[in-house]
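Each chain is listed here by its residues.
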Amino acid sequence: MNHMSDDEAQAAPPDQVQQPTPLDNEDFEKAASSPAGAADEASDQIAWADPNHAISLHNVTHRYQGKKALDRVSFVVEKGALHGFVGPNGAGKTTSLKLVCTLLQPQAGRVRVFGEDVVDNIRKVRTMIGFMPDHFSTYRQMTVNEYLDFFAAAYGLPPARRIEVIEQVLSLVDMNHRQNDLISGLSRGMQQRVGLARVLVNDPELLLLDEPASGLDPRARIELMDILRALRSMGKTIFISSHILSELAELCDAVTIIDRGEIRFSGRIGDLLTNPQNRHTLRFEFAPGSADMREALAQIEGVVSAEKSGEGAGYRVEFDPARLDANQLVVRVASLGVPLVSFSEDRRQLNEAFMDLTTAGVR
Ligand SMILES: Nc1ncnc2c1ncn2[C@@H]1O[C@H](COP(=O)(O)OP(=O)(O)OP(=O)(O)O)[C@@H](O)[C@H]1O
(Lines give C-alpha, C1' and ligand atoms only; values in the text may rest on other atoms or scores of the structure.)
Protein backbone atom coordinates (compact mmCIF):
# COMPACT_ATOMS: atom_id res chain seq x y z
CA MET A 1 0.00 0.00 0.00
CA ASN A 2 1.76 3.09 -1.05
CA HIS A 3 -0.83 5.76 -1.57
CA MET A 4 0.03 7.53 1.67
CA SER A 5 3.46 9.03 2.22
CA ASP A 6 5.11 8.93 5.61
CA ASP A 7 4.67 12.66 6.17
CA GLU A 8 1.08 12.53 4.92
CA ALA A 9 0.47 9.80 7.44
CA GLN A 10 1.43 11.95 10.41
CA ALA A 11 -0.95 14.15 12.29
CA ALA A 12 -2.41 16.04 9.35
CA PRO A 13 -4.46 18.99 10.56
CA PRO A 14 -8.19 18.62 9.99
CA ASP A 15 -8.20 21.14 7.14
CA GLN A 16 -5.90 18.80 5.18
CA VAL A 17 -8.27 15.88 5.37
CA GLN A 18 -9.68 14.91 1.99
CA GLN A 19 -13.28 15.99 2.08
CA PRO A 20 -15.95 13.47 1.14
CA THR A 21 -17.47 13.50 -2.31
CA PRO A 22 -21.24 13.13 -2.22
CA LEU A 23 -22.42 9.70 -3.29
CA ASP A 24 -24.75 9.19 -6.19
CA ASN A 25 -28.37 8.09 -5.78
CA GLU A 26 -27.55 4.45 -6.36
CA ASP A 27 -25.22 4.45 -3.34
CA PHE A 28 -27.74 6.11 -1.08
CA GLU A 29 -30.48 3.73 -2.14
CA LYS A 30 -28.28 0.70 -1.53
CA ALA A 31 -27.07 2.00 1.82
CA ALA A 32 -30.62 2.67 2.94
CA SER A 33 -31.95 -0.67 1.76
CA SER A 34 -29.06 -2.82 2.99
CA PRO A 35 -29.67 -4.92 6.13
CA ALA A 36 -26.97 -2.93 7.90
CA GLY A 37 -27.90 0.24 6.08
CA ALA A 38 -28.04 3.83 7.15
CA ALA A 39 -31.70 3.42 8.02
CA ASP A 40 -30.69 1.01 10.77
CA GLU A 41 -28.10 3.36 12.18
CA ALA A 42 -30.17 4.58 15.09
CA SER A 43 -31.20 1.13 16.25
CA ASP A 44 -27.68 -0.21 15.81
CA GLN A 45 -26.03 2.75 17.46
CA ILE A 46 -25.24 1.09 20.75
CA ALA A 47 -23.42 -1.83 19.18
CA TRP A 48 -21.50 0.17 16.59
CA ALA A 49 -20.51 2.96 18.95
CA ASP A 50 -19.33 0.56 21.67
CA PRO A 51 -16.05 1.92 23.15
CA ASN A 52 -14.88 -1.70 23.42
CA HIS A 53 -14.64 -1.72 19.66
CA ALA A 54 -11.24 -0.22 18.93
CA ILE A 55 -12.37 0.20 15.32
CA SER A 56 -15.81 0.00 13.82
CA LEU A 57 -16.70 0.59 10.21
CA HIS A 58 -20.42 0.56 9.62
CA ASN A 59 -21.77 0.45 6.12
CA VAL A 60 -18.92 2.52 4.70
CA THR A 61 -18.77 3.31 1.01
CA HIS A 62 -15.95 5.25 -0.64
CA ARG A 63 -15.29 6.19 -4.25
CA TYR A 64 -12.35 7.74 -6.08
CA GLN A 65 -13.40 9.69 -9.16
CA GLY A 66 -16.59 7.67 -9.38
CA LYS A 67 -14.85 4.30 -8.97
CA LYS A 68 -15.90 2.39 -5.89
CA ALA A 69 -13.03 1.47 -3.56
CA LEU A 70 -15.21 0.39 -0.60
CA ASP A 71 -18.73 -0.90 -0.91
CA ARG A 72 -20.86 -0.89 2.27
CA VAL A 73 -18.00 -2.16 4.39
CA SER A 74 -18.82 -3.15 7.98
CA PHE A 75 -16.59 -4.80 10.56
CA VAL A 76 -15.29 -4.31 14.09
CA VAL A 77 -11.94 -4.77 15.79
CA GLU A 78 -12.20 -5.64 19.47
CA LYS A 79 -10.25 -3.62 22.01
CA GLY A 80 -6.99 -5.38 22.98
CA ALA A 81 -6.99 -7.64 19.90
CA LEU A 82 -4.27 -8.32 17.41
CA HIS A 83 -6.44 -8.17 14.31
CA GLY A 84 -5.26 -8.88 10.77
CA PHE A 85 -6.56 -7.07 7.69
CA VAL A 86 -5.91 -9.09 4.56
CA GLY A 87 -6.69 -8.65 0.90
CA PRO A 88 -5.11 -8.72 -2.54
CA ASN A 89 -3.81 -5.62 -4.34
CA GLY A 90 -6.41 -2.91 -4.73
CA ALA A 91 -8.80 -4.58 -2.27
CA GLY A 92 -9.37 -1.41 -0.23
CA LYS A 93 -7.01 -1.87 2.72
CA THR A 94 -5.24 1.49 2.45
CA THR A 95 -8.52 3.30 1.88
CA SER A 96 -9.95 1.72 5.04
CA LEU A 97 -6.81 2.59 7.02
CA LYS A 98 -6.93 6.18 5.75
CA LEU A 99 -10.51 6.44 6.99
CA VAL A 100 -9.57 5.14 10.43
CA CYS A 101 -6.51 7.43 10.52
CA THR A 102 -8.76 10.43 9.75
CA LEU A 103 -6.88 11.21 6.54
CA LEU A 104 -10.04 10.53 4.53
CA GLN A 105 -13.65 11.11 5.47
CA PRO A 106 -16.25 8.46 4.65
CA GLN A 107 -18.66 9.44 1.87
CA ALA A 108 -21.31 7.16 3.38
CA GLY A 109 -21.42 5.18 6.61
CA ARG A 110 -19.68 5.70 9.94
CA VAL A 111 -16.14 5.03 11.11
CA ARG A 112 -15.44 5.00 14.82
CA VAL A 113 -12.39 4.55 17.01
CA PHE A 114 -13.17 3.41 20.57
CA GLY A 115 -16.72 4.58 19.96
CA GLU A 116 -15.68 8.08 18.81
CA ASP A 117 -16.75 9.13 15.34
CA VAL A 118 -13.71 9.98 13.20
CA VAL A 119 -15.46 12.96 11.62
CA ASP A 120 -17.17 14.42 14.69
CA ASN A 121 -14.26 13.83 17.08
CA ILE A 122 -11.27 14.03 14.80
CA ARG A 123 -8.84 15.50 17.36
CA LYS A 124 -9.71 12.99 20.07
CA VAL A 125 -9.39 10.12 17.60
CA ARG A 126 -5.93 11.32 16.57
CA THR A 127 -4.68 11.16 20.15
CA MET A 128 -5.72 7.50 20.31
CA ILE A 129 -4.11 6.19 17.12
CA GLY A 130 -0.63 5.58 15.78
CA PHE A 131 -0.25 4.81 12.08
CA MET A 132 2.80 3.16 10.57
CA PRO A 133 2.92 3.33 6.77
CA ASP A 134 4.71 0.63 4.83
CA HIS A 135 7.79 2.66 3.93
CA PHE A 136 9.94 5.64 4.92
CA SER A 137 9.38 8.11 2.12
CA THR A 138 11.41 10.86 3.74
CA TYR A 139 13.57 11.40 6.82
CA ARG A 140 16.17 8.91 5.67
CA GLN A 141 18.98 11.41 6.29
CA MET A 142 18.00 11.87 9.93
CA THR A 143 19.45 9.85 12.76
CA VAL A 144 17.08 7.61 14.68
CA ASN A 145 17.20 10.02 17.59
CA GLU A 146 16.51 13.11 15.44
CA TYR A 147 13.63 11.33 13.75
CA LEU A 148 11.93 10.34 17.00
CA ASP A 149 12.64 13.73 18.59
CA PHE A 150 10.95 15.43 15.62
CA PHE A 151 7.75 13.47 16.16
CA ALA A 152 7.85 13.74 19.93
CA ALA A 153 8.12 17.54 19.51
CA ALA A 154 5.21 17.46 17.03
CA TYR A 155 3.15 15.78 19.74
CA GLY A 156 4.06 18.67 22.03
CA LEU A 157 6.34 16.83 24.45
CA PRO A 158 8.82 19.13 26.26
CA PRO A 159 12.56 18.45 25.65
CA ALA A 160 13.30 16.60 28.92
CA ARG A 161 10.27 14.35 28.49
CA ARG A 162 11.25 13.68 24.87
CA ILE A 163 14.60 12.22 25.94
CA GLU A 164 12.81 9.92 28.38
CA VAL A 165 10.16 8.81 25.90
CA ILE A 166 12.70 8.14 23.14
CA GLU A 167 14.68 5.91 25.55
CA GLN A 168 11.48 4.04 26.43
CA VAL A 169 10.20 3.47 22.92
CA LEU A 170 13.63 2.47 21.60
CA SER A 171 13.99 -0.03 24.38
CA LEU A 172 10.58 -1.50 23.52
CA VAL A 173 11.80 -2.21 20.01
CA ASP A 174 15.34 -3.08 21.16
CA MET A 175 17.03 -0.28 19.20
CA ASN A 176 18.70 1.87 21.89
CA HIS A 177 22.11 0.93 20.54
CA ARG A 178 21.32 2.46 17.12
CA GLN A 179 20.11 5.83 18.39
CA ASN A 180 22.76 7.84 16.56
CA ASP A 181 22.71 5.92 13.29
CA LEU A 182 21.30 7.40 10.10
CA ILE A 183 17.96 5.84 9.15
CA SER A 184 19.23 5.31 5.59
CA GLY A 185 21.98 3.01 6.94
CA LEU A 186 19.60 0.69 8.77
CA SER A 187 18.34 -2.61 7.44
CA ARG A 188 14.68 -2.84 6.43
CA GLY A 189 13.90 -4.73 9.64
CA MET A 190 15.54 -2.06 11.77
CA GLN A 191 13.75 0.71 9.89
CA GLN A 192 10.49 -1.05 10.65
CA ARG A 193 11.40 -1.09 14.33
CA VAL A 194 12.16 2.64 14.25
CA GLY A 195 8.82 3.15 12.49
CA LEU A 196 7.13 1.27 15.32
CA ALA A 197 9.04 3.31 17.92
CA ARG A 198 7.78 6.47 16.23
CA VAL A 199 4.19 5.24 16.37
CA LEU A 200 4.60 4.62 20.11
CA VAL A 201 5.86 8.12 20.93
CA ASN A 202 2.41 9.45 21.82
CA ASP A 203 1.47 6.21 23.61
CA PRO A 204 -1.58 5.49 21.41
CA GLU A 205 -4.09 2.82 22.37
CA LEU A 206 -4.55 1.69 18.78
CA LEU A 207 -1.72 0.87 16.38
CA LEU A 208 -2.47 0.76 12.66
CA LEU A 209 0.32 -1.02 10.84
CA ASP A 210 0.40 -1.11 7.05
CA GLU A 211 2.22 -4.21 5.76
CA PRO A 212 4.87 -4.03 8.51
CA ALA A 213 6.39 -7.39 7.59
CA SER A 214 6.73 -6.84 3.84
CA GLY A 215 10.30 -7.07 2.65
CA LEU A 216 11.59 -8.46 5.94
CA ASP A 217 13.74 -11.58 6.09
CA PRO A 218 12.36 -14.47 8.17
CA ARG A 219 14.39 -13.56 11.25
CA ALA A 220 13.36 -9.87 11.20
CA ARG A 221 9.78 -10.99 10.64
CA ILE A 222 9.80 -13.26 13.68
CA GLU A 223 11.41 -10.52 15.80
CA LEU A 224 8.79 -8.03 14.66
CA MET A 225 5.99 -10.45 15.52
CA ASP A 226 7.50 -10.88 19.01
CA ILE A 227 7.52 -7.10 19.49
CA LEU A 228 3.88 -6.90 18.39
CA ARG A 229 2.91 -9.64 20.85
CA ALA A 230 4.71 -7.73 23.62
CA LEU A 231 2.84 -4.54 22.69
CA ARG A 232 -0.45 -6.38 22.74
CA SER A 233 0.34 -7.74 26.19
CA MET A 234 0.80 -4.11 27.26
CA GLY A 235 -2.85 -3.56 26.33
CA LYS A 236 -2.46 -2.05 22.85
CA THR A 237 -4.92 -2.93 20.12
CA ILE A 238 -3.07 -3.74 16.90
CA PHE A 239 -4.63 -3.67 13.44
CA ILE A 240 -2.16 -5.02 10.92
CA SER A 241 -2.57 -5.29 7.16
CA SER A 242 -0.99 -7.81 4.85
CA HIS A 243 -1.42 -9.49 1.48
CA ILE A 244 -0.63 -12.83 3.05
CA LEU A 245 -3.11 -14.53 5.32
CA SER A 246 -0.76 -17.27 6.52
CA GLU A 247 1.69 -14.57 7.69
CA LEU A 248 -0.88 -13.31 10.18
CA ALA A 249 -2.43 -16.59 11.26
CA GLU A 250 0.07 -17.35 14.01
CA LEU A 251 0.00 -13.81 15.31
CA CYS A 252 -3.59 -12.65 15.17
CA ASP A 253 -6.69 -13.46 17.19
CA ALA A 254 -9.01 -12.33 14.46
CA VAL A 255 -8.88 -11.38 10.81
CA THR A 256 -10.89 -9.36 8.32
CA ILE A 257 -10.61 -10.33 4.66
CA ILE A 258 -11.43 -7.70 2.07
CA ASP A 259 -11.63 -8.11 -1.69
CA ARG A 260 -12.70 -5.60 -4.34
CA GLY A 261 -13.99 -3.25 -1.69
CA GLU A 262 -16.20 -5.84 0.02
CA ILE A 263 -15.72 -7.69 3.28
CA ARG A 264 -15.53 -11.45 2.68
CA PHE A 265 -14.93 -12.55 6.26
CA SER A 266 -14.44 -10.92 9.64
CA GLY A 267 -14.02 -12.93 12.80
CA ARG A 268 -11.80 -15.35 14.66
CA ILE A 269 -9.16 -17.17 12.64
CA GLY A 270 -10.42 -20.48 14.01
CA ASP A 271 -13.84 -19.83 12.52
CA LEU A 272 -12.29 -19.12 9.15
CA LEU A 273 -10.41 -22.38 9.25
CA THR A 274 -13.25 -24.60 10.27
CA ASN A 275 -15.01 -25.44 7.07
CA PRO A 276 -18.69 -26.11 7.78
CA GLN A 277 -18.61 -28.62 4.95
CA ASN A 278 -15.88 -30.49 6.79
CA ARG A 279 -17.62 -30.73 10.13
CA HIS A 280 -18.02 -34.44 9.57
CA THR A 281 -14.47 -35.13 8.57
CA LEU A 282 -11.60 -36.13 10.83
CA ARG A 283 -7.94 -36.46 9.98
CA PHE A 284 -6.03 -39.49 11.30
CA GLU A 285 -2.28 -39.97 11.28
CA PHE A 286 -0.91 -43.50 11.77
CA ALA A 287 2.65 -44.47 12.69
CA PRO A 288 5.14 -43.95 9.83
CA GLY A 289 5.49 -46.96 7.58
CA SER A 290 2.00 -48.31 8.38
CA ALA A 291 0.18 -50.30 5.72
CA ASP A 292 -2.34 -48.56 3.47
CA MET A 293 -5.38 -47.99 5.72
CA ARG A 294 -7.91 -46.78 3.16
CA GLU A 295 -9.82 -50.01 2.88
CA ALA A 296 -9.91 -50.70 6.61
CA LEU A 297 -11.17 -47.19 7.28
CA ALA A 298 -13.78 -47.31 4.52
CA GLN A 299 -15.21 -50.51 5.99
CA ILE A 300 -16.08 -48.89 9.32
CA GLU A 301 -19.88 -48.67 9.56
CA GLY A 302 -20.89 -45.02 8.98
CA VAL A 303 -17.72 -43.96 7.12
CA VAL A 304 -18.57 -42.30 3.81
CA SER A 305 -15.05 -41.98 2.40
CA ALA A 306 -11.41 -42.41 3.41
CA GLU A 307 -8.63 -40.69 1.44
CA LYS A 308 -4.90 -40.28 1.83
CA SER A 309 -3.95 -36.84 3.13
CA GLY A 310 -0.41 -35.49 2.87
CA GLU A 311 2.84 -37.38 2.30
CA GLY A 312 2.92 -39.67 5.35
CA ALA A 313 0.38 -42.07 6.82
CA GLY A 314 -2.38 -39.44 7.10
CA TYR A 315 -6.02 -39.97 6.06
CA ARG A 316 -9.11 -37.77 5.79
CA VAL A 317 -12.14 -39.72 6.91
CA GLU A 318 -15.62 -38.41 6.17
CA PHE A 319 -18.46 -39.92 8.17
CA ASP A 320 -22.25 -39.84 8.26
CA PRO A 321 -23.28 -38.20 11.56
CA ALA A 322 -26.63 -40.00 11.49
CA ARG A 323 -24.86 -43.33 11.81
CA LEU A 324 -21.65 -42.46 13.66
CA ASP A 325 -20.38 -39.68 15.87
CA ALA A 326 -16.81 -38.42 16.04
CA ASN A 327 -16.05 -40.17 19.36
CA GLN A 328 -17.24 -43.53 18.07
CA LEU A 329 -15.18 -43.08 14.92
CA VAL A 330 -12.02 -42.38 16.93
CA VAL A 331 -12.61 -45.47 19.09
CA ARG A 332 -13.13 -47.67 16.01
CA VAL A 333 -10.04 -46.30 14.24
CA ALA A 334 -7.91 -46.76 17.38
CA SER A 335 -9.01 -50.39 17.57
CA LEU A 336 -7.92 -51.24 14.02
CA GLY A 337 -4.67 -52.58 15.46
CA VAL A 338 -2.35 -50.05 13.75
CA PRO A 339 -0.63 -47.48 16.02
CA LEU A 340 -2.47 -44.17 15.77
CA VAL A 341 -0.22 -41.11 16.19
CA SER A 342 -2.86 -38.36 16.16
CA PHE A 343 -6.34 -37.37 15.11
CA SER A 344 -7.76 -33.90 14.56
CA GLU A 345 -10.59 -31.92 13.13
CA ASP A 346 -10.03 -31.49 9.41
CA ARG A 347 -9.23 -27.81 9.04
CA ARG A 348 -8.86 -25.96 5.82
CA GLN A 349 -5.51 -24.56 4.97
CA LEU A 350 -5.36 -20.79 5.31
CA ASN A 351 -4.29 -20.18 1.75
CA GLU A 352 -7.14 -22.33 0.51
CA ALA A 353 -9.59 -20.26 2.58
CA PHE A 354 -8.09 -17.03 1.26
CA MET A 355 -8.26 -18.18 -2.35
CA ASP A 356 -11.89 -19.23 -1.90
CA LEU A 357 -12.83 -15.85 -0.49
CA THR A 358 -10.98 -13.59 -2.91
CA THR A 359 -11.01 -13.17 -6.66
CA ALA A 360 -8.10 -13.46 -9.05
CA GLY A 361 -6.63 -10.36 -10.72
CA VAL A 362 -5.45 -6.95 -9.64
CA ARG A 363 -7.76 -3.94 -9.63
N1 LIG B 1 -6.04 8.28 -4.50
C2 LIG B 1 -6.66 7.43 -5.32
N3 LIG B 1 -7.19 7.84 -6.47
C4 LIG B 1 -7.85 6.99 -7.29
N5 LIG B 1 -8.01 5.67 -7.04
C6 LIG B 1 -7.49 5.21 -5.90
C7 LIG B 1 -6.79 6.05 -4.98
N8 LIG B 1 -6.39 5.30 -3.93
C9 LIG B 1 -6.82 4.05 -4.20
N10 LIG B 1 -7.47 3.98 -5.36
C11 LIG B 1 -8.13 2.79 -5.94
O12 LIG B 1 -9.03 2.28 -4.97
C13 LIG B 1 -8.98 0.86 -4.92
C14 LIG B 1 -8.58 0.40 -3.53
O15 LIG B 1 -7.24 0.82 -3.30
P16 LIG B 1 -6.47 0.62 -1.91
O17 LIG B 1 -5.16 1.31 -2.04
O18 LIG B 1 -7.36 1.01 -0.81
O19 LIG B 1 -6.25 -0.97 -1.91
P20 LIG B 1 -5.17 -1.84 -1.12
O21 LIG B 1 -5.91 -3.03 -0.64
O22 LIG B 1 -4.49 -1.00 -0.11
O23 LIG B 1 -4.15 -2.26 -2.26
P24 LIG B 1 -2.57 -2.53 -2.16
O25 LIG B 1 -2.40 -3.69 -1.25
O26 LIG B 1 -2.22 -2.86 -3.57
O27 LIG B 1 -1.95 -1.28 -1.69
C28 LIG B 1 -7.99 0.43 -6.00
O29 LIG B 1 -8.74 0.15 -7.17
C30 LIG B 1 -7.14 1.66 -6.19
O31 LIG B 1 -6.62 1.71 -7.51
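Positions within a chain are numbered from 1, following the residues in the order the chain's sequence is written. With pLDDT at 70 or above as the cut-off, local features in this predicted model cover only qualifying residues; side-chain atom pairs require 80 or more to be listed or tallied, and sums for whole chains, interfaces and linings still use all residues. Derived side-chain values reflect all non-hydrogen atoms in the structure, with water molecules and hydrogen atoms excluded from consideration.

For the rest of this paragraph, the subject is the sheet that holds strand β12 (residues 303-308). One key point about sheets: their strands pair by backbone hydrogen bonds, in either a parallel or an antiparallel sense. A pair of strands is labelled paired if DSSP reports no fewer than 2 bridges between them. We count a stretch as a helix when DSSP gives it H or I for four or more residues in a row; a strand needs E for two or more, and each element gets its number in order from the N terminus. Taken together, the four strands give an open sheet; going across it, the order is β12-β13-β11-β14, and neighbouring strands pair in antiparallel fashion. On the outer flanks of this sheet lie β12 and β14 (340-345), each paired with one strand and no other. Each strand axis lies, on average, 20 degrees off the axis of its neighbour in the sheet, ignoring direction. Relative to β14, strand β11 (residues 281-286) runs antiparallel, the two sharing five bridges. Paired with Glu-285 across the bridge in β14 is Ser-342. In this analysis, two residues are considered to be in contact whenever any of their non-hydrogen atoms come within 4.5 Å of each other. To get an axis, a line is fitted to the C-alpha atoms, and for a helix only the part in contact is used. The angle between two axes follows their N-to-C directions and goes from 0 to 180 degrees. Contacts from helix α13 (residues 326-334) reach β11, β12, β13 (314-319) and β14, with the element oriented near 20 degrees to β11.

With that settled, the discussion passes to the pairing of strand β6 (residues 129-132). Burial along β6 is two-sided: the residues Ile-129 and Phe-131 and Gly-130 and Met-132 are all buried. One ladder, built from four bridges, connects β6 with strand β7 (residues 206-210); its direction is parallel. The partner of Ile-129 across the bridge, within β7, is Leu-206. The buried label applies to any residue whose accessible area, calculated with a 1.4 Å probe on protein chains only, is under 20% of its type's maximum; exposed applies above 50%, and partly exposed to all values in between.

Moving on: the sheet that holds strand β5 (residues 116-117). Read from one edge to the other, the open sheet built from four strands follows the order β2-β1-β4-β5, with strand pairing classed as antiparallel. Looking at which strands have only one partner, the edges of the open sheet turn out to be β2 (67-78) and β5. With eight bridges joining them, strand β1 (residues 53-64) and β2 adopt antiparallel strand pairing. When the bridges of β2 are listed, Ile-55 appears paired with Val-77. Here helix α4 (residues 93-100) sits on the sheet and contacts β1, β2 and β4 (108-113); the angle it forms with β1, its principal contact strand, is near 120 degrees.

Here we come to the packing of helix α6 (residues 144-154) against helix α7 (residues 159-172). Running from N to C, α6 and α7 cross one another at 120 degrees; their axes reach a closest spacing of 10 Å. The angle between α6 and α7 falls in the class oblique. Relative to α7, the crossing made by α6 is right-handed. Residues Val-144, Asn-145, Leu-148, Asp-149, Ala-152 and Ala-153 of α6 pack against Arg-162, Ile-166, Val-169 and Leu-170 of α7. Its residues assigned to classes, the contact of α6 with α7 shows seven nonpolar, one polar and two charged. Oblique is the label for every angle not falling under 35 degrees (roughly parallel), over 145 degrees (roughly antiparallel), or within 65 to 115 degrees (roughly perpendicular). Two helices crossing with the near one rotated counterclockwise from the far one by less than a right angle form a left-handed crossing, whereas a clockwise rotation gives a right-handed crossing. Gly is placed with the polar residues, together with every amino acid not listed as nonpolar (Ala, Val, Leu, Ile, Met, Phe, Trp, Tyr, Cys and Pro) or charged (Asp, Glu, Lys and Arg).

Turning our attention to the pairing of strand β8 (residues 237-242). Side-chain positions along a regular strand alternate between the two faces of the sheet. Along β8, six of the six residues are buried, which leaves the element largely enclosed by surrounding structure. The alternating pattern of β8 places Thr-237, Phe-239 and Ser-241 on one face and Ile-238, Ile-240 and Ser-242 on the opposite face, and all of these are buried. Sheet topology note: the strand β3 (residues 82-86)/β8 ladder contains five bridges and is parallel. Looking at β8, one finds that Gly-84 is bridged to Ile-240. Relative to β8, β7 runs parallel, the two sharing five bridges. The partner of Leu-209 across the bridge, within β8, is Ile-240. Handedness rule for crossovers: strands pointing away from the viewer, path from the first strand over the helix to the second running clockwise, crossover right-handed. Since β7 and β8 lie parallel, the crossover through helix α9 (residues 218-233) that links them has a hand, and here it is right-handed.

Confidence of the predictor at the level of single residues is captured by pLDDT, which takes values from 0 to 100. Averaged over all residues, the pLDDT of the protein chain is 83; the fraction at 70 or higher stands at 83%. Considering only residues more than four positions removed or in separate chains, one finds that residues 1-43, a stretch of pLDDT under 50, has 89 contacts.

Tracing the backbone shows Arg-193 in helix α8 (residues 188-200). Those residues in contact with Arg-193 that lie beyond four places of it in its chain are Val-173, Asp-174, Met-175, Glu-223 and Ile-227.

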